[in-house]
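Spelled out from the first residue to the last, the chains are:
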Amino acid sequence: MTPFHTLRPFLASLLAFAPLCIVACNDDDDDDANDDTTTEAVVMTRNIYLGGDIFRLAAAQTPEQVPAVAAQLYQTVQATNFPERAKALADEIQAANPALVGLQEVSLYRTQHPSDGSPPESPNATNVTYDFLAVLLTELQARGLNYRVAAKVQNADAELPAALSGSATDLTDVRLTDHDVILTRGDVQVANVVTANYDFVQEVPAGGTTVGFKRGYTKLDATLNGARFTFVNTHLEDLMPGNDTQAAQLGGLVAGFERPLIVVGDLNTGPGTRQGAYDSLTSASTGLVDAWTQVGSGEGFTCCLSETLKDAAPHFTERIDLVLYTGDGIKPVSAEIVGNDAAKRTPSGLWPSDHAGLVVTFRLNR
């Protein structure tokens, strides 16, 4: 056995080296997660689906055909049952516990009977039949969750006659008002809210004419546990040239926003899908980086299910719901797709939306 006095020099050296070892072993990018100079912020983007495919209106070739097609569209909205889907969406938010949520297709439906024949661009129906935002907030509150509307922009607002009774002479005006909304958790401080519509308005075919469909964005400055950042939520047009044109305007806008910056939304562009807009948004001129490419695993597809939401299994084939970021002092640490689990459909078998959602956790300097 080695005498203790011969071990003392060795032990002294070992003890002297121990603090250095501890520092070295903890000197990696992940170990600052619990220090007092950084904070984690979870964000979510969620297209909650207006309930039907508005592009089916293109099937109406004449004004006389519009009421029948509009009735079919509204009946699909009723069948996709947002009050039931809202429960599943609220469950997703509860599970992810995001500090900020960017919502798209936050729809308000109103009706008027009988139809007064007002043109689509002059909507005046006032009888509320579905208020998606109010329904979702009620579900969040029922779970004891403290979320509030921090920013809301009104986009398209249009009205069409619908033959809901099945009679071409007994028509009801159906009005759809589209919104994008940012929800913030109660511990997030908000300042400098901006809401606006894009300059370019896409014309959607309907009955031999077109209906203008506005898109917009919401922006705010957020503070969470001492970390400050800019947060933007948007929904870009699906059709061309709207997607390219609005993406170009968004790129110009974010160039002037303060950093760190997070941009979320249904951008209707991504790798392999109308990729020109995606490339411009993630170019050197914007500095925006696609969080999924940094911390996501797998293809990350989020779009799209069928109009009825009755798909037996998810068959997402596009990655167009994105979380982008830029600036010093911000780093994504995880990304997860939600809303793609068949076990979490509603009791009647509906998916929560025709899109999946994306949840990204960021580490931010305070």
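Structure shown above.
Keep in mind it's a predicted model, so treat the numbers as computed, not measured. (Residues numbered from 1 in each chain as written. Predicted model: local features only at pLDDT ≥ 70, side-chain atom pairs only at ≥ 80, totals over all residues. Heavy atoms only, no water.)

The topology assignment puts Glu159 in strand β4 (residues 147–162). At 3.0 Å, the side chain of Glu159 forms a polar contact with the side chain of Ser118. Those residues in contact with Glu159 that sit more than four places away from it in its chain are Gln112, Asp116, Ser118, Pro119, Pro120, Pro123, Asn124, Ala125, Asp173, Val174 and Arg175. (Helix = DSSP H or I, 4+ residues; strand = E, 2+ residues; numbered from the N terminus. Polar contact = N/O pair within 3.5 Å; in protein donor to acceptor, adjacent residues only side chain to side chain. Contact = heavy atoms within 4.5 Å.)

Turning our eyes to something else, we now look at empty space enclosed by the protein. With the rule as written, the count across this model stands at 1 cavity of 30 Å³ or more. If you add up the space inside the largest cavity, you get close to 290 Å³. If you go around the largest cavity, you meet 18 residues; those closest to its centre are Ile54, Leu57, Leu73, Leu160 and Leu176. Mapped onto the lining of the largest cavity, the elements with two or more residues apiece are α2 (66–79), β4, β5 (172–185), β7 (202–206) and β8 (209–213). Of the residues in the lining of the largest cavity, the class split is 16 nonpolar, no polar and 2 charged. (1 Å grid on protein atoms, 1.4 Å probe; cavity = no way out; pocket = protein on both sides within 12 Å on 5 of 7 lines; lining within 4 Å. Points joined across faces, edges and corners; volume = space filled by probe spheres on them. Nonpolar A, V, L, I, M, F, W, Y, C, P; charged D, E, K, R; others polar.)

The next subject is the pairing of strand β10 (residues 227–235). Most of β10 is tucked away, with 8 of its 9 residues classed as buried. By the bridge criterion, 8 bridges tie strand β9 (residues 216–224) to β10 in an arrangement that is antiparallel. Pairing of Tyr217 across the sheet is with Thr234, part of β10. With antiparallel pairing between neighbouring strands as the criterion, β9 and β10 make up a hairpin whose turn holds 2 residues, including Asn225 at a positive phi of roughly 50 degrees. Relative to strand β11 (residues 261–266), β10 runs parallel, the two sharing 6 bridges. Of the residues in β11, the one forming a bridge with Asn233 is Val264. (Buried < 20%, exposed > 50% of the residue type's maximum accessible area, 1.4 Å probe, protein only. Pairing = 2+ DSSP bridges.)

A few words now on helix α3 (residues 82–96). Along its 15 residues, α3 runs 21 Å from first to last C-alpha, staying within 8% of the 21 Å computed at 1.5 Å per residue. Considering only its buried residues, α3 is in contact with β1 (38–47), α4 (132–142), β4 and β14 (330–338). Note on α3: the residue one or two positions beyond its end, Asn97, has a positive phi of about 55 degrees. (Expected span 1.5 Å × (residues − 1).)

Strand order in the open sheet formed by 6 strands is β6-β9-β10-β11-β13-β12, with mixed pairing between adjacent strands. The outermost strands of the open sheet, each flanked by one partner alone, are β6 (189–197) and β12 (289–290). Judged from the 6 bridges that link them, β11 and strand β13 (residues 321–326) form a sheet pairing that is antiparallel. By the bridge assignment for β13, Ile262 is matched with Tyr325. Strand contacts of helix α5 (residues 242–254): β9, β10 and β11, with the helix running at about 160 degrees to β11, the strand carrying the most contacts. (Axes fitted to C-alpha atoms, helices over the stretch in contact; angles between N-to-C directions.)

What follows concerns the packing of aromatic side chains. Enumeration according to the criterion identifies 7 aromatic pairs in this entry. Between Tyr109 and Phe132, the ring centres sit 6.0 Å apart and the planes meet at 55 degrees, which makes this aromatic pair tilted. Of the two residues, Tyr109 is situated in strand β2 (residues 100–112) and Phe132 in helix α4; the sequence distance between them amounts to 23 residues. Pair check on accessibility: Tyr109 and Phe132 agree, each one buried. One aromatic cluster is present, formed by Tyr74, Phe82, Tyr109, Tyr130 and Phe132 through successive ring pairs. The side chain of Lys219 reaches across the aromatic face of Phe257, ending 5.4 Å from its centre. (Phe/Tyr/Trp six-rings, centres within 6.5 Å; stacked < 30°, edge-to-face > 60°. Lys NZ or Arg CZ within 6 Å of the ring centre and 35° of its normal.)

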